Amino acid sequence: MDDSERQFCFEGVPVEVRFSARRRRVGLAVEHQVLLLLLPRGFPAREAKTLLEEHRDVIRRLLRRDRQFRDVECPPDFHLGGRLRLLGEEYEIRLETTPGRRPRFDGTGFRVTAADPEGVRRQVLLIYRQLAAEVIGDRVEELAARHGIAYRAVKINSASSRWGSCSASGNLNFSWKLVMCPDPLLEYVVAHELAHRRQMNHSALFWREVERLCPDYQVRRRLIRLEARRFRAWRGL
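Conventions and cut-offs
- Residues numbered from 1 in each chain as written.
- Predicted model: local features only at pLDDT ≥ 70, side-chain atom pairs only at ≥ 80, totals over all residues.
- Heavy atoms only, no water.
- Pairing = 2+ DSSP bridges.
- Helix = DSSP H or I, 4+ residues; strand = E, 2+ residues; numbered from the N terminus.
- Contact = heavy atoms within 4.5 Å.
- Axes fitted to C-alpha atoms, helices over the stretch in contact; angles between N-to-C directions.
- Phe/Tyr/Trp six-rings, centres within 6.5 Å; stacked < 30°, edge-to-face > 60°.
- Buried < 20%, exposed > 50% of the residue type's maximum accessible area, 1.4 Å probe, protein only.

Undergrad: Give me the lowdown on the sheet that holds strand S7 (residues 104-105), citing residues and values where you can.
TA: Taken together, four strands build an open sheet; the order of strands is S5-S6-S8-S7 and the sheet is mixed. Single-partner strands in this sheet number two, and they are strand S5 (83-86) and S7. Alignment of S7 against strand S8 (residues 109-112), held across two bridges, turns out to be antiparallel. Each bridged residue has a counterpart across the sheet, and for arginine 104 the counterpart in S8 is arginine 111. With respect to the sheet, helix H4 (residues 117-147) is in contact with S5, strand S6 (89-95), S7 and S8, its orientation differing from that of S8 by roughly 125 degrees.

Here it is as C-alpha cells:
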C-alpha cells in the first residue's frame, strides 16, 4: 500500500491506515476526527475502502462520540497557576520560593523553580516521571507480593498509545501518564500487567487472572478507556 492509499478521505473524514504485525483483526478508532483503520500486516489494500463502506454506521457513532469527548479533554497548562491532574485530582503549579529546593510535588501542588512556560514544562514532566516511578512501583510491589507474582523490573516510559505492557523477560512497562489517572484505574492497569506474568495473552484464562487480582476490573476497564481521552493532548510528551 503506497502513501496515497494510507491516507485518504471517507465521507469527508480523513482516514489514516495503520498496519501492525501483532494485530490479528481489523480495528476502527477515531482520534481528533481522524478515522484510524487498524489492519493486520498483509491485509489486502483493495479491501480497505470496502471495509469502511460496510461499517458506515459504526464509523458515524465513533465520530459522534469523539466530538462529545473532545469537550472533556485536559490539555496541559504549563504556566504558573496552571492546574494539572495527579491520581485524578487537580493541583496548581506554584513557584518554589525556598532557596536550594528542587522541583517537586509537596502534597498540595507542583513546586517548580522556573517561571517561563518551557522551563515549567520540563520540570513538571520530571516531577511526573518521579512520581510515576514511586507510585506505580509501590502498587506493583504490593499487589505482586499479595498474590505471589514474580516480575523482573518496573520501567517508566512515555508511551501514549498504551498505559502499560509486559515483556517476555518479566519487565513491567508503564506510561508515566498513568499517574494522572484516579488510583483505582491505575491499580487496574497494574493488575492487568501482572496478570500477564501468568498468561502472556488475552485469553479467557488471562481475564480470569485479572479478575482474581482486581474483582471489579470490568468497570475499571471501561472507565480507563474514557479517561484516556482526557489526555490525548498530552501525546508526544
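There is more to say, and it comes next.
Undergrad: Which residues make up the packing of aromatic side chains, and what are the values?
TA: A full pass over the atoms with the stated rule returns nine aromatic pairs. Between tryptophan 207 and tyrosine 217, the ring centres sit 5.4 Å apart and the planes meet at 15 degrees, which makes this aromatic pair stacked. Residue tryptophan 207 is found in helix H6 (residues 204-213), and its partner tyrosine 217 is found in helix H7 (residues 217-230); the two are separated by 10 residues along the sequence. Residue classification places tryptophan 207 among the buried residues on the basis of a relative accessible area of 16%. Accessibility expressed as a relative area gives 8% for tyrosine 217, which makes it buried. Here the aromatic cluster, defined as three or more aromatic residues joined through ring pairs, consists of Phe78, Tyr91, Phe105, Phe110, Tyr128, Trp176 and Trp234.

Undergrad: For the environment of histidine 147, give the residues involved together with the corresponding values.
TA: Note on placement: histidine 147 falls in helix H4. Residue classification places histidine 147 among the buried positions, given a relative accessible area of 19%. Residues histidine 147 and tryptophan 176, 29 residues apart in the sequence, show an inter-C-alpha distance of 24 Å. Residue contacts for histidine 147: discarding those within four places in its chain leaves Arg198, Arg212 and Leu213.

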